[in-house]
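Chains, contacts and geometry: an overview
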Amino acid sequence: MTITPGFATLQDLRAIMEGGALALPADWRDAAQRSVDALAARLDTGEALYGVNTGFGKLAGTRIAPAQLDQLQVNLIRSHAAGTGNYLPAPVVRLVLALKALSLARGASAVRPQVIEALLALLDHNVLPAIPAKGSVGASGDLAPLAHMSLVLIGEGEAFNGERVLDGTQVLAEANISPLELGPKEGLALLNGTQVSTALALAGLFATQDLLKTALVASALSLDAARGSDTPFDARIHALRGQPGQIRVAAALRALIANSAIRDSHRVDDPRVQDPYSLRCQPQVAGACLDLLDHAASVLLREANAVTDNPLVAEDGQVLSGGNFHAEPVAFAADAIALAMAELGAISERRIALLTDPALNSGLPAFLVADSGVNSGFMIAQVTSAALTAENRALAVPRSTDSLPTSANQEDHVSMATAAGLRLAEMATNLATILGIEILAACQGIEFHRPLTSSPPLETAHRAVREVVKPWDQDRAMAPDIEAAKRLVERGTFAALVDLPHA
């Protein structure tokens, strides 16, 4: 797809992350070259320009001789490649490459077109730098991880070519890509920027958007399994509050439960007055999560289209030193996504507990299994969901409030955005497992209401489960069933059943 720098959409970025190609408009090189020429003119005046003819960070007062300017950029990349930990997953690295190329191509970074072309070539050939996940505090850009990315561009470091990790020289040769010889500022432009933290947060956002839809299917299945009421989803209730996410979630739940024979079977003469909050307040909780995700999406989309290195070249040729590399907006967005995931898991776990406790549900056997006592049924599956819920609560503690000064106190406040984004993948796996357990429990509960049927979309969900997990008539190992349900969740099987109205 062709994307104009500064105008990528979330759909574009998700497609690239999942393997789509990236092309730039025919005239994109003009803006990039203008900024290069502007920087060269300023250098000719002998003016001190941060990171171009000076040292970095606390060494900004050290002037660099003209003959050493190119070496300065190479040394910067080598010295900053200090990351550690597991490598970032391939979809995230694809997004990092794309975001860096789109940012530099806006023409405010004084980077020659061939540098951007090299980034696009890596993406096009699926040559993905091996980037250690840890080592960035998200302040002066994602320095360490972007240094590992940049090493490959100059024929050093390591990269994935398929499943193999090769040294940078070899992987570029196999892809017929020439190593770059960097010019003034180009190493700094590659290292400065929020592209890694933004890519991590976007990956977490995309996963959570799908998981929220899955949570609606899970909660609707649980509502029918518990013979709950759909009155709390009445549009008039939510219009009186006016929260947009709540209104949208209630509409989606009404569509999921419509025409359920199980629901219709207890509309009259049901002695219960109200359902527990985990059933009744689904629109309020999931709706608030949806609003958080929508806000995070708007922040991250702006950041994905932004220029976040330093210094920047303005349209009038002036070179401006600022701090767009500080990733505070990304950290806040990632923390919001984490809160949403924690809450979606927390209320799901409560529904699992409701379904397995005969004191709370309506007519279901203890732990959703006949002959309970001899059989323990879903007893420990609920415990697993509780353990994962507690883990996600701990992981949801904000990272953005945990600043530590770096670089001899020159960088005295940092965002921790990279860590904020990094933990989202683990949280998403936990949440997918919790929702898988709830869907298993709800489908098991529905078995006890047969021959009555649920709604058409919920019966579709039930069939998808029964294709991989048989009903629970006596105890067996639960772990394979949980794993099978989690795979369905992560594949998007249930999310595809949900139509969330637009705001």
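In the block above lies the structure referred to throughout.
These notes cover the structure that comes with them. Each chain has its residues counted from 1, running along the sequence as written. Selection of residues for local features in this predicted model requires a pLDDT of at least 70, selection of side-chain atom pairs for listing and counting requires 80 or more, and totals for whole chains, interfaces and linings are taken over all residues. Note that water and hydrogens are dropped before the side-chain values are worked out from all heavy atoms of the structure.

This next bit is on the overall build of the chain. Strands here are runs of E lasting at least two residues and helices are runs of H or I lasting at least four, both read from the DSSP assignment and numbered beginning at the N terminus. Scanning the chain for helices and strands turns up 19 helices and 7 strands. Seen along its three principal axes, the alpha-carbon backbone of the chain occupies a region of about 90 × 50 × 45 Å. Whether two residues are in contact is decided by their heavy atoms: any pair within 4.5 Å suffices. Of the contacts made within the chain by residues no fewer than 6 positions apart, 78% connect residues no fewer than 24 positions apart. When the accessible surface of the chain is totalled, it reaches about 20400 Å², and 54% of it is carbon and sulfur. In the chain, 38 positive and 53 negative side-chain charges are present, and the distance between their average locations comes to 4 Å. The Shrake-Rupley method, run with a 1.4 Å probe, gives the accessible areas here. Residue values count only the displayed protein chains as cover. Lys and Arg are tallied as positive, Asp and Glu as negative. Neither His nor the chain termini are counted. Positions of charges follow a simple convention, taking NZ of Lys, CZ of Arg, CG of Asp or CD of Glu.

To continue, consider the sheet that holds strand E2 (residues 127-129). Pairing is antiparallel across the open sheet formed by 3 strands, whose spatial order is E2-E4-E5. Edge positions in the sheet fall to E2 and strand E5 (164-167), since each has one partner strand and no second. Averaged over all adjacent pairs, the angle separating strand axes in this sheet is 35°, with direction ignored. Pairing between strands is defined by DSSP: at least two bridges between them are needed. Relative to strand E4 (residues 158-161), E2 runs antiparallel, the two sharing 3 bridges. Considered in E4, the bridge of Leu 128 is made with Phe 160. Between N-to-C directions, angles cover 0 to 180 degrees, with each direction set by a line fitted to C-alpha atoms, over the stretch in contact for helices.

A few words now on the nonpolar core. Put simply, a nonpolar core is a bunch of buried Ala, Val, Leu, Ile, Met, Phe, Trp, Tyr and Cys residues held in one set by side-chain atoms that sit within 4.5 Å of each other. Between buried and exposed lies partly exposed: a residue is buried under 20% and exposed over 50% of the maximum accessible area for its type, with that area taken using a 1.4 Å probe on protein chains only. Residues Ile 116, Leu 202 and Leu 216 are the most contacted members of the largest nonpolar core, which totals 159 residues. Per-element tally for this core: the top contributor is helix H9 (residues 195-225), with 18 residues. What Leu 216 contacts, discounting residues up to four positions off in sequence, is Val 249, Ala 252, Leu 253, Leu 256, Ala 286, Val 498 and Leu 500.

Under the pairing criterion, centres of Phe, Tyr and Trp rings, with the six-membered ring standing for Trp, must be within 6.5 Å; the plane angle then separates stacked pairs below 30 degrees from edge-to-face pairs above 60, leaving the rest tilted. Applying the stated criterion across every chain, the model contains 2 aromatic pairs. For the ring pair Tyr 87 and Phe 160, a centre distance of 5.7 Å and an interplane angle of 90° mean the geometry is edge-to-face. One end of the pair, Tyr 87, is in strand E1 (residues 84-87); the other, Phe 160, is in strand E4, and 73 residues separate them in sequence. Note on Tyr 87: relative accessible area 36%, which makes it partly exposed. Note on Phe 160: relative accessible area 23%, which makes it partly exposed.

Here we come to helix H5 (residues 113-124). Here the expected span of a helix is defined as 1.5 Å times the quantity of residues minus one. Along its 12 residues, H5 runs 16 Å from first to last C-alpha, staying within 8% of the 16 Å computed at 1.5 Å per residue. In terms of burial, H5 is a largely internal element, 9 of the 12 residues being buried. Taken together, the buried positions of H5 are Pro 113, Val 115, Ile 116, Ala 118, Leu 119, Leu 120, Ala 121, Leu 122 and Leu 123. Asn 126 sits one or two positions beyond H5 and adopts a positive phi of about 55°.

Counting through the fold element by element, Asp 270 comes out in the loop between helix H12 (261-264) and helix H13 (277-280). C-alpha of Asp 270 to C-alpha of Arg 227: the two residues are 43 residues apart in sequence and 9.7 Å apart in space. Any pair of nitrogen or oxygen atoms within 3.5 Å is treated as a polar contact; in protein, a donor-acceptor pairing is required on top of that, and neighbouring residues in sequence qualify only through side-chain atoms on both sides. A polar atom in the side chain of Asp 270 sits 3.3 Å from the side chain of His 266.

Turning our attention to unusual backbone geometry. Cis rather than trans, the peptide bond between Asn 310 and Pro 311 has omega equal to -5°. With respect to the element layout, Pro 311 can be found in the loop between helix H14 (282-304) and strand E6 (312-313). The omega torsion of the bond from Arg 450 to Pro 451 falls at 15°, within 30 degrees of zero and hence cis. By secondary structure assignment, the location of Pro 451 is in the loop between helix H17 (417-447) and helix H18 (456-466). Even without being glycine, Phe 367 reaches a positive phi, approximately 60°. Its place among the elements puts Phe 367 in the loop between helix H15 (328-356) and helix H16 (379-395). A relative accessible area of 26% means that Phe 367 is categorised as partly exposed. For Leu 368, which is not glycine, the phi dihedral falls at a positive 60°. Taking the relative accessible area as the measure of exposure, Leu 368 reaches 0% and is therefore buried.

Glancing now at the pairing of E4. Sheet topology places E4 next to E5; 4 bridges connect them, and they run antiparallel. Directly across from Asn 161, in E5, lies its bridge partner Arg 164. If you look at the hairpin formed by E4 and E5, you'll find 2 residues sitting between the two strands, and Gly 162 has a positive phi there, around 70°.

Take the environment of Gln 68 next. By secondary structure assignment, the location of Gln 68 is in the loop between helix H2 (28-44) and helix H3 (69-80). The partly exposed category is assigned to Gln 68, whose relative accessible area is 47%. As a C-alpha pair, Gln 68 and Pro 184 span 116 residues in sequence and 9.5 Å in three-dimensional space.

Following the sequence through the fold, Ser 229 ends up in the loop between H9 and helix H10 (235-241). Taking the C-alpha atoms as reference, Ser 229 lies 27 Å from Ile 380; in sequence the two are 151 residues apart. In this view, Ser 229 contacts Leu 223, Arg 263 and Asp 275; residues no more than four positions away in its chain are not counted. Within the structure, the side chain of Ser 229 is placed 3.0 Å from the backbone nitrogen of Thr 231, a separation counted as a polar contact. Among the polar contacts listed, one links the side chain of Ser 229 to the side chain of Arg 263, at a separation of 3.3 Å.

For the pair helix H1 (residues 10-17) and helix H4 (residues 90-104), the least separation of the axes is 8 Å and the interaxial angle reads 125°. Taken together, H1 and H4 sit at an angle that is classed as oblique. Listed contacts from H4 to Leu 13, Ile 16 and Met 17 of H1 are Pro 91, Arg 94, Leu 95, Ala 98 and Leu 99. Should an angle lie under 35 degrees it is considered roughly parallel, over 145 roughly antiparallel, and from 65 to 115 roughly perpendicular; all remaining angles are considered oblique.

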